[in-house]
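# Secondary and tertiary structure notes
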Amino acid sequence: MSYEKPLPDRDSEPHATFWSACDEGRLLIQSCPDCESVQFFPRTWCRFCGSNRIEWVEAEGTGDVHTYTIVRRATELPSFTDEIPYVVAYVELEEGVRICTNVVDCEPDTVESGMAVELTFDRVTDELALPKFRPRKATDR
Amino acid sequence: MPLENVVVAGIGETEKSRPSRNNDQPYHDLEEYFWMAADRTLEDAGVGIDDVDGLGVARSSTPTPYRYPMMLAETLGLEDLSWVTASDHCGGQAIPLVVQAAQAVETGVAETVLCLGADTPKHPEKGSGEIFPGDPRGFKRNYQEPFGMQGANAQLAMVQRRHMDQYGTTIEQLGSIYVTQREHATRNPLAYFDEPVGLEEYRTSGMIADPIRLFDCVLPVNAGFGCLLTTPERAAELGVDPVSIAGFGHSHNPEVAERPAFTEMGIEAAGRRAFEMAGLEPDVMDFLQIYDDYPIVELMQLEELGYADRGEGGPFVERTDLSVEGELPLNTGGGQLCVGQAGVGGASFVQLLEAVRQLRGDGGDRQVPNAERGLVTGVGGGQYGKNLTAHSVAILQRGVGA
Ligand SMILES: [Zn+2]
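Residues numbered from 1 in each chain as written. Chains lettered and ligands numbered in written order. Predicted model: local features only at pLDDT ≥ 70, side-chain atom pairs only at ≥ 80, totals over all residues. Heavy atoms only, no water.

What the three strands build is an open sheet, ordered S2-S1-S3 (chain A); its pairing is antiparallel. Every interior strand has two partners, whereas the edge strands, strand S2 (38–39) and strand S3 (55–58) of chain A, have only one. (Pairing = 2+ DSSP bridges. Helix = DSSP H or I, 4+ residues; strand = E, 2+ residues; numbered from the N terminus.)

Right, dumping it as structure tokens:
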């Protein structure tokens, strides 16, 4: 069965680099050598100082749930109807950026702000792996 | 006062419509809404089309050709305009558009400027169109939609979740804003909703993106709006009740912090600029017309504009009577949550025009007694990983500026 959900642009930069890395199991964020800021989502410039010397760095893949929502109705993206209820969250990575993602491998009602999570890739097509997060046990810290 | 040679001399607002396959509500296209809004505004001010020498147009989310304001001038029969502009500030648009137009009149570039905003997010065959404009940085397509991020509803749900977790804000507190505005809408013939609802109906209105419920979500409608600005002398000749702009302030892209707070909007700076220009304090406002796409957005504005401390918006709305008869009347015509929001093209006109009505004493059975001045806000610009980012505040007052 074909994958009906929205696909990112994997052909043009900076998105191609990001999604190729995901395909290899690595989550990339960006760092600026001029002002030492980190940023996400990927851009070809630094949104803090305007530098175009932006560099890719691999994230550790740990963080916590900054905030989240449990989607109950697919008001804009009907292709997600079969996933309902599911959790969309902004996870704050150890590196200091927030990433829009899903919290998986747990009941939606058990997700909380501040919950410790870790990276897991969800391979949804042959070419696409989505970086998602799952609960991290306290002893893993 | 910086804008003492300009007043609002007329307003116009169409009925609201949500046409679909399942109803027979009327459908008009964008150009028809602009035409109706212009017609009503000119009639309200008592001026002819030939008196207009300036045109301001709010950019709609319904697609329009490039150089659309010039096309619209042709549609409306406006010739030899000495000033034309377009605004593109997302949901906050009416405020920056009208303020720009006021500056054109103030400086004598134009004498009589017609500002228009309209949008048609609902289509009887195509269903819902775009309420908010596309994806300027590509983050929506590339870094949100693959995860099933359901637009503004999900984004604001995450803002509200954070506010609830951080400050203990409750559904009942947010619901009280909605219930109050819904009652106000019953007194506004131009509002889409005309039946009141109670707190329980709000609470059980259907979960969309937890904790955002159906009645938290702004109501997309098709509509057109207009506002005419001219000099105090010309307004006196026309015999209209003038309303002036005592102060205004903007703050766009307010925050470039490394970890911007979800619960902070950044409208504080826009408010500070507006209050400073007017030489007025927040507590002298007779009413507030606060941009409302979701009750949580109103709550955060009350905090940032000086009505409640940070995080205290919930207890504030709980102890404050926000009704027309109360101590701080809020969105006295029902706000966009109950009147409807016409995409981004008509956004925040509901706030602006209701303020003008109140200050002219045209509020009918929702008139705030002795309304002398009031606050109007416009907000837009949803971004990745943070709150809204385009903010405008204006303080309107009865009569000509001193
Ligand atoms: Zn930089």
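After that view, the rundown keeps rolling.
So, about the interface of chain A and chain B. By convention, interface size is frequently given as the accessible area that disappears when the constituent parts associate. Taken residue by residue, the interface counts 45 residues in chain A and 38 residues in chain B. In total, about 3,800 Å² of surface goes out of reach between chain A and chain B, with carbon and sulfur atoms giving 55% of it. Together, Phe41, Tyr90 and Arg98 of chain A form the three largest contributors to the area buried by chain A at its contact with chain B, with a combined 17%. For the interface between chain A and chain B, the tally reads zero salt bridges. Only helix H1 (15–23), strand S4 (62–71), strand S5 (86–93), strand S6 (98–103) and strand S8 (129–135) of chain A provide two or more residues apiece to the side of chain A that touches chain B. Top element by residues in the side of chain A that touches chain B is S4 of chain A. It accounts for six residues. (Contact = heavy atoms within 4.5 Å. Buried area = accessible area lost by both parts, 1.4 Å probe. Salt bridge = Lys/Arg side-chain N within 4 Å of Asp/Glu carboxyl O.)

Residue and element names in this part refer to chain A. Bound to the zinc ion on the protein side are Cys32 (SG), Cys35 (SG), Cys46 (SG) and Cys49 (SG), at distances that span 2.3 to 2.4 Å. In primary sequence terms, the donor set of the zinc ion follows C-x2-C-x10-C-x2-C. Of this pair, cysteine 32 sits in the loop between strand S1 (28–31) and S2 while cysteine 46 sits in the loop between S2 and S3, and the two are 14 residues apart along the sequence. Its relative accessible area of 1% is what places cysteine 32 among the buried residues. (Donors = N, O, S within 2.8 Å, 3.2 Å for Na, K, Ca; no water. Buried < 20%, exposed > 50% of the residue type's maximum accessible area, 1.4 Å probe, protein only.)

This part takes up the pairing of S5 of chain A. All names here are of chain A. With eight of eight residues buried, S5 lies mostly within the body of the structure. Here S5 shows a buried face lined by Tyr86, Val88, Tyr90 and Glu92 and a second buried face lined by Val87, Ala89, Val91 and Leu93. Here S4 pairs with S5 via eight bridges, running antiparallel. Looking at S5, one finds that tyrosine 68 is bridged to alanine 89. With six bridges joining them, S5 and S6 adopt antiparallel strand pairing. Across the sheet, the residue bridging to tyrosine 90 is cysteine 100, located in S6.

Next up on the list: the environment of threonine 14 of chain B. Residues and elements named next belong to chain B. Relative to the helices and strands, threonine 14 is located in the loop between strand S1 (7–13) and helix H1 (30–45). Apart from residues lying up to four places away in sequence, threonine 14 is in contact with Tyr33, Met36, Ala37, Arg40, Leu190, Ala223 and Gly224. Reaching out from threonine 14, the side chain makes a polar contact with the backbone nitrogen of glycine 224 at a distance of 3.0 Å. (Polar contact = N/O pair within 3.5 Å; in protein donor to acceptor, adjacent residues only side chain to side chain.)

Moving on, we get to the nonpolar core. Residues and elements named next belong to chain B. Tyr307, Leu375 and Leu396 are the most contacted members of the largest nonpolar core, which has 139 residues in total. Broken down by element, the residue count for this core peaks at nine residues, all from helix H3 (residues 94–106). Apart from residues lying up to four places away in sequence, leucine 375 is in contact with Phe275, Met285, Phe287, Leu288, Gln289, Ile290, Leu305, Tyr307, Val393, Ala394 and Ile395. The next biggest cluster of nonpolar side chains, apart from the first, holds 26 residues, and it includes Val7, Leu42, Val57 and Leu114. (Core = buried A, V, L, I, M, F, W, Y, C linked by side-chain atoms within 4.5 Å.)

All names here are of chain A. In terms of domains, chain A is made up of domain 1 (11–58) and domain 2 (60–135). Placing a centre on the C-alpha atoms of domain 1 and another on those of domain 2 gives a separation of 20 Å. With twelve residues of domain 1 at the contact, the number on the domain 2 side is 16 residues. At the boundary of domain 1 with domain 2, total buried surface from both sides reaches about 1,000 Å², with 73% on carbon and sulfur atoms. Linking domain 1 to domain 2 there are one salt bridge. The salt bridge partner of arginine 123 is aspartate 23, with a shortest N-O separation of 2.7 Å. (Domains from an automatic or database assignment.)

Let's shift gears to unusual backbone geometry. Residues and elements named next belong to chain A. Cis geometry is adopted by the peptide bond preceding proline 14, which originates at glutamate 13 and carries an omega value of 5°. Mapped onto the elements of the fold, proline 14 is located in the segment before H1. Residue phenylalanine 41 is bonded to the preceding phenylalanine 40 through a cis peptide linkage, with omega at 15°. Of note, phenylalanine 41 is situated in the loop between S2 and S3. The backbone of glutamate 36 shows a phi angle near 65°, a positive value even though the residue is not glycine.

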